[in-house]
Amino acid sequence: MASMRVHELAKEFDMSSAELLDRLKEMKIPAKSHASMLNDAYVDKIRKNLEPEIRARAGALEAEEAAALKAEQEEAERKRAEEEAERKAAREKELAEREAARAKREGAKAESSEDGEPAVRKAPQPASAFASLEQQIAAEKERVEREREEARARARAEKAAAEVAKKRAVEEALRRGHKKSAKAAAPTPEPHKAAPAPAPARPKNNFDSLLSQIEAEKQRMEAAKAAAPDARAGRGGKKGKKGGAHQVVPELEAQVAAGEDRYAQMAVQAEKLQRDKVLAEARAAVAAANTHEGEGRRKKRKEKREAEARERAELEAIERGLDPSLVLDDSVVEIPQGASVAKFAELLGVQPNDVIKRLFMLGQVLTLTQTMSDETMELIADDMGRKVRVVSPEEEYAVVYNDSEADLKPRPPVVTVMGHVDHGKTSLLDAIRHTGVVASEAGGITQHIGASVVNIDGRQITFIDTPGHEAFTAMRARGAQVTDVIVLVVAADDGVMPQTIEAINHAKAAEVPIVVAVNKIDKPGANPDRVRQELTEYGVIPEEWGGSNMFVEVSAKKNEHIDDLLETILLQADVLELRANPDASASGFVIEANLDKGRGPVATVLIQRGTLHTGDVVVAGTSYGRVRALVNPRGEHVAEALPADPVEILGLNSVPTAGDEFRVFEDERDARKLAEERALRARLAAQETKSHMSLDDLFSRIEDGKTTDLNLIVKADVQGSIEALRDAFDKMDQSEVRINIVHSAVGGITETDVTLAAASDAIIIGFNVRPTGKSRVQAEKEKVDIRLYRVIYQAIEDINAARVGLLSPDIVEEDTGIAEVRETFKVPKVGTIAGCYIVEGEMHRDDKVRIVRDGTVIFEGTMASLRRFKDDVKSVKQGYECGIGIEKFQDLKVGDTIEGYQIKEVERTE
């Protein structure tokens, strides 16, 4: 997990920065402001302590959302109830108004009948039947409303068919009733009576139209009843009242009875239609509410899933050091670094001819199989209106593992020991392991990267012994974050030295906690308090002084307080809460690799996740193979290796590079394919290695117009030589080319100088100094030109000759071998003889030699003698010991380097 700032962690917890800072103060975690950086150990601790509170907040938020959802449902139910009550009140009001109008019409008719001739016999009043019919309809409506929730759902198709059938039946019944009423009312017109109301329009399929039809039928029946006495009197004439009355009244009674039966059927049908309508409305309302609620919940769940996926992708991008906006943008196309023209066109989905045409317009003539630079790919994509992101090989093949909390289990810490030369790093490890590692090292100095395991109180600690901070940083630069704790060894009698400061800076850059081991406390001049005081100037503050770094005073030589150091390391590991998933496929990093004559390629790996078994298929950088054997640091064959275990792997097809990531594959074909693809990329990158500036091709570059600047890095034995060279270069004619000194310092040429020269396309000028360490090998790899001089005017002449293209044939030095002085012997009448070990090349008897001490040349001359044991020899190869005598030089000391070289004449080709 990567480190986080305070405000980022507060945003994750939905808290303000001030609140989180108060909580951090309670947990005694150092943080000054919202921008303070918290390492992964503190982040894990904060999340563990704040987890109950965050869960409580999450529960409160869920309760609020549930309450809000319940309130919305209750509000919707209340609105539906109010609308239903309003509809019911409107129907009741309409019925009341119609009842009042009917009563008014009956009162008016009663008054008119009292003024006219009284009827012979009072006919039955059908009004009471209609009144009871209305009461029945109202009662049925109330019953339907009460039983609305208990009714069974009907299919829409059946309901539609039933409504159509009922509509036709009602229309047919009304049509028949209308015809009969017209026949009964036609023969008895009354001049002084009002004409019957015209027939209403054909009814519609709803309850209101049905009520209007019933009202119209009632009016026609009343008109027929009113006309009945006059019609009877007209037909009876003078025959008398008795006979006519007996003939007409039965007919009217039969007609009224038929009308009542017909209207009873119509009322039943109306009740059914109303019930179906209410049920349909209720079902529609419930379905709409459920649908709305279901869609809302589904939408919220979908948005939550999308937000979680986006957050995971953003975190993975941040862990890989990428811009989250580019990773989350679907329109961005990922292009592998060093892709060919055909591959680029295929990934963008365009024709290769379009890409080649644009390359030609940029002045680059490339074929389909040639590779494109990162800048060229971005330019072509931008011209096409596309977004691309160039992916490096490390990023392309990187795998992000997401283990659940249940799968993670505690693992041992991995400790790296760093410090200044001769401060006792390896001696301290020797005291811890009781193995005598120092005795096997050349000159007592660690020359390789190794790993060992120490068990204390049933707990394991894995130690990595590095030759210095350079190897630690080189592995970290390749992505190998293998170290959990750094033990900084500082000699109590020597104090803080330059390499100690560099080790502190490299540890802080890697954000790894530091445990300081103050060594050599048994020596007379030891002063641990002075070491503490000096380290505070570089941000390493003891806990007893209010800092966060643990200090332990030890003596590796007398084996004092070693247990206290181990307990302190375990305490620091407990604070970090180191965990890993041991049940997954193994993955980790290569910390050392070599080619053994009897066993083949051997890689020392450190497991970070999972368990490695014998027989697993492994890919490590450009190497792959099936694990034939696993060897632990004690030389024992084991069947498996758990997280934080260092083991040697046998069975790879080639030697991987230190810092390469390895992981287990299920299928050997996939492993071979990935390794071969990586190897192809590496070969293409090597072929396209940039050729840096050199004096030999300076004039040709000027003629081609490729450069107008000459960058120089000047290293000399004293500051005065640097000033003399700077003044001489400033006095040169810079009309054709401008000379820039990008860096100058006193001392030997280091690997850092070569790296700077490669980055700035510069030439290294060495005056009376030599390359140190592996700087010469790195210069050959980076193709950086190094020029070494003993006289200032030679350097000035070479620069002038290169500037004007007059590089004449020159006499150059060709190195033959390097010998390291291990011991010195005083021989009578001969002088001082150096007991040497040939560390590189081959020393010849007739070689010229130079004596280098601390990167500075102190003498140049010839050999006086070269012997092995008692015999004079002509040459001694690398890996053998010999005795060397230097003519006219006796001041040889242990640690000096004797470099052999021969002077040869080399002709210039340009």
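Now for a quick tour of the structure. (Residues numbered from 1 in each chain as written. Predicted model: local features only at pLDDT ≥ 70, side-chain atom pairs only at ≥ 80, totals over all residues. Heavy atoms only, no water.)

### Some details on the overall build of the chain
Right, so step 1: Summing up its helical and strand segments, the chain has 24 helices and 33 strands in all.
Right, so step 2: Out of the 910 residues belonging to the chain, those deemed buried represent 38%.
Right, so step 3: Put simply, of all contacts in the chain between residues at least 6 apart along the chain, 70% involve residues at least 24 apart. (Helix = DSSP H or I, 4+ residues; strand = E, 2+ residues; numbered from the N terminus. Buried < 20%, exposed > 50% of the residue type's maximum accessible area, 1.4 Å probe, protein only. Contact = heavy atoms within 4.5 Å.)

### Quick notes on the pattern of salt bridges
Right, so step 1: With the rule as written, the count across this model stands at 36 salt bridges.
Right, so step 2: Taking the shortest distance from any N to any O, the salt bridge between Glu26 and Arg23 comes out at 3.4 Å. Here Glu26 pairs with Arg23, and both are found in helix H2 (residues 17–26), just three residues apart, close to one helical turn.
Right, so step 3: You can call Arg23 partly exposed: its relative accessible area is 23%.
Right, so step 4: Between Arg770 and Glu899 there is a salt bridge, with its nearest N and O atoms 3.0 Å apart. Of this pair, Arg770 sits in the loop between strand S24 (762–767) and helix H23 (775–782) while Glu899 is found in strand S33 (residues 897–906), placing the two residues 129 residues apart along the sequence.
Right, so step 5: By relative accessible area, which is 8% here, Glu899 ends up buried.
Right, so step 6: What emerges from the salt-bridge pattern is a single network uniting Arg770, Arg776, Arg790, Glu813, Asp815, Arg850, Glu860 and Glu899. (Salt bridge = Lys/Arg side-chain N within 4 Å of Asp/Glu carboxyl O.)

### Section: a negative patch on the surface
Right, so step 1: The grouping of Asp457, Asp563, Asp564 and Glu567 at the surface amounts to a negative patch.
Right, so step 2: Residue position: Glu567 is located in helix H18 (residues 562–576). (Patch = residues over 30% accessible without salt bridge, like charges linked within 9 Å, V, L, I, M, F, W, Y side chains within 5 Å. Areas by Shrake-Rupley, 256 points an atom, 1.4 Å probe, with all protein chains shown as cover. Lys, Arg positive; Asp, Glu negative; His and termini not counted. Charge placed at Lys NZ, Arg CZ, Asp CG, Glu CD.)

### Examining the side chain of Asn519
Right, so step 1: Relative to the elements of secondary structure, Asn519 occurs in strand S10 (residues 514–519).
Right, so step 2: Judged by relative accessible area, Asn519 falls into the buried class, the value being 3%.
Right, so step 3: Engagement of the side chain of Asn519 in a polar contact is seen with the backbone nitrogen of Ala556, the distance being 3.1 Å.
Right, so step 4: For Asn519, the contacting residues outside a window of four places in its chain are His423, Gly424, Val489, Val490, Ala491, Ala492, Val554, Ser555 and Ala556. (Polar contact = N/O pair within 3.5 Å; in protein donor to acceptor, adjacent residues only side chain to side chain.)

### Topic: the sheet that holds S24
Pairing between sheet strands relies on hydrogen bonds along the backbone, with the strands arranged either parallel or antiparallel.
Right, so step 1: One open sheet holds the four strands; their spatial order is S23-S22-S24-S25, and the pairing between them is parallel. The open sheet has two edge strands, strand S23 (738–746) and strand S25 (786–789), and neither has a second partner. Neighbour-to-neighbour, the strand axes of this sheet turn through a mean angle of 25°, independent of strand direction.
Right, so step 2: The strands touched by helix H21 (residues 719–730) within the sheet are strand S22 (709–716), S23 and S24, with S23 carrying the most contacts at an inclination of about 180°. (Pairing = 2+ DSSP bridges. Axes fitted to C-alpha atoms, helices over the stretch in contact; angles between N-to-C directions.)

### A word on the environment of Asp494
Right, so step 1: By the element assignment, Asp494 lies in the loop between strand S9 (485–491) and helix H16 (498–510).
Right, so step 2: Overall, the relative accessible area of 34% leaves Asp494 in the partly exposed class.
Right, so step 3: A C-alpha to C-alpha distance of 9.2 Å links Asp494 and Lys520, two positions 26 residues apart in sequence.
Right, so step 4: The contact partners of Asp494, leaving out residues within four places of it in the chain, are His423 and Arg530.

### A closer look at the packing of helix H10 (residues 352–361) against helix H11 (residues 374–383)
Right, so step 1: Running from N to C, H10 and H11 point in directions that differ by 110°, and their axes come no closer than 11 Å. Here H11 runs roughly perpendicular to H10, going by the angle between their axes. The handedness of the crossing between H10 and H11 comes out as right-handed. In this structure, H10 contributes Val355, Arg358 and Leu359 to the contact, and H11 contributes Thr376, Ile380 and Asp383.
Right, so step 2: When the residues that make up the contact of H10 with H11 are grouped by side-chain class, the tally is three nonpolar, one polar and two charged. (Parallel < 35°, antiparallel > 145°, perpendicular 65-115°, else oblique. Left-handed = near helix turned anticlockwise from the far one by under 90°. Nonpolar A, V, L, I, M, F, W, Y, C, P; charged D, E, K, R; others polar.)

### Some remarks on the side chain of Asp896
Right, so step 1: Its place among the elements puts Asp896 in the loop between strand S32 (881–886) and S33.
Right, so step 2: Here the side chain of Asp896 touches Arg853 through a polar contact of 2.7 Å, side chain to side chain.
Right, so step 3: If sequence neighbours within four positions are ignored, Asp896 has contacts with Ala819, Glu820, Val821, Ile851, Val852, Arg853 and Asp891.

### Some points on the environment of Pro513
Right, so step 1: Mapped onto the elements, Pro513 comes out in the loop between H16 and S10.
Right, so step 2: If we ignore the near neighbours within four places in the chain, the residues touching Pro513 are Asp484, Val485, Ile486, Gln572 and Leu576.

### Concerning helix H13 (residues 425–433)
Right, so step 1: Among the nine residues of H13, seven are classified as buried, and the element is accordingly described as predominantly covered.
Right, so step 2: Within H13 the residues assigned to the buried category are Lys425, Thr426, Leu428, Leu429, Ala431, Ile432 and Arg433.

### Thoughts on the packing of H13 against H18
Right, so step 1: Their axes nearest at 10 Å, the elements H13 and H18 cross at an angle of 95°. Between H13 and H18, the interaxial angle falls into the category roughly perpendicular. Here Leu428, Ala431 and Ile432 of H13 lie close against H18, whose contacting residues are Ile562, Leu565 and Leu566.
Right, so step 2: Class assignment of the residues belonging to the contact of H13 with H18 gives a composition of six nonpolar, no polar and no charged.

### Digging into unusual backbone geometry
Right, so step 1: A positive phi angle is found at Lys520, which is not glycine, with a value near 60°.
Right, so step 2: Within the element layout of this structure, Lys520 appears in the loop between S10 and helix H17 (528–536).

### Some details on the pairing of S24
Right, so step 1: By the criterion of burial, S24 is predominantly enclosed, with six of the six residues buried.
Right, so step 2: In this sheet, S25 lies alongside S24 in parallel orientation, the contact comprising four bridges. For Gly766, the partnering residue across the bridge sits in S25 and is Leu788.
Right, so step 3: In this fold, S24 hands off to H23, which returns the chain to S25; that crossover is right-handed. (Right-handed = clockwise from strand over helix to strand, strands pointing away.)

### Quick notes on H11
Right, so step 1: Among the residues of H11, Thr376, Met377, Ile380 and Ala381 are the ones counted as buried. Considered in projection along H11, the buried side chains sweep an arc of 130° and stay on one side of the axis. What points out from H11, more than 90 degrees from its buried face, is the exposed set Glu375, Leu379, Asp382 and Asp383.
Right, so step 2: Tucked inside the fold, the buried residues of H11 contact strand S3 (332–336), helix H9 (341–348), H10 and strand S4 (387–391).
Right, so step 3: Of the residues trailing H11, Gly385 is marked for its positive phi of about 75°. (Arc of directions from axis to C-beta.)

### Topic: the nonpolar core
Right, so step 1: One finds Leu428, Ile432, Ile461, Phe463 and Leu565 to be the most contacted residues of the largest nonpolar core, which totals 27 residues.
Right, so step 2: For this core, the secondary structure elements donating two or more residues are strand S6 (414–419), H13, strand S7 (450–456), strand S8 (459–465), S9, S10 and H18.
Right, so step 3: Sorting elements by how many residues they give to this core places H18 first, with seven residues.
Right, so step 4: Apart from the residues lying within four places of it in its own chain, the contact partners of Leu565 are Leu428, Ile432, Val515, Ala517, Val552 and Val554. (Core = buried A, V, L, I, M, F, W, Y, C linked by side-chain atoms within 4.5 Å.)

What is shown is where atoms sit, not what they do.
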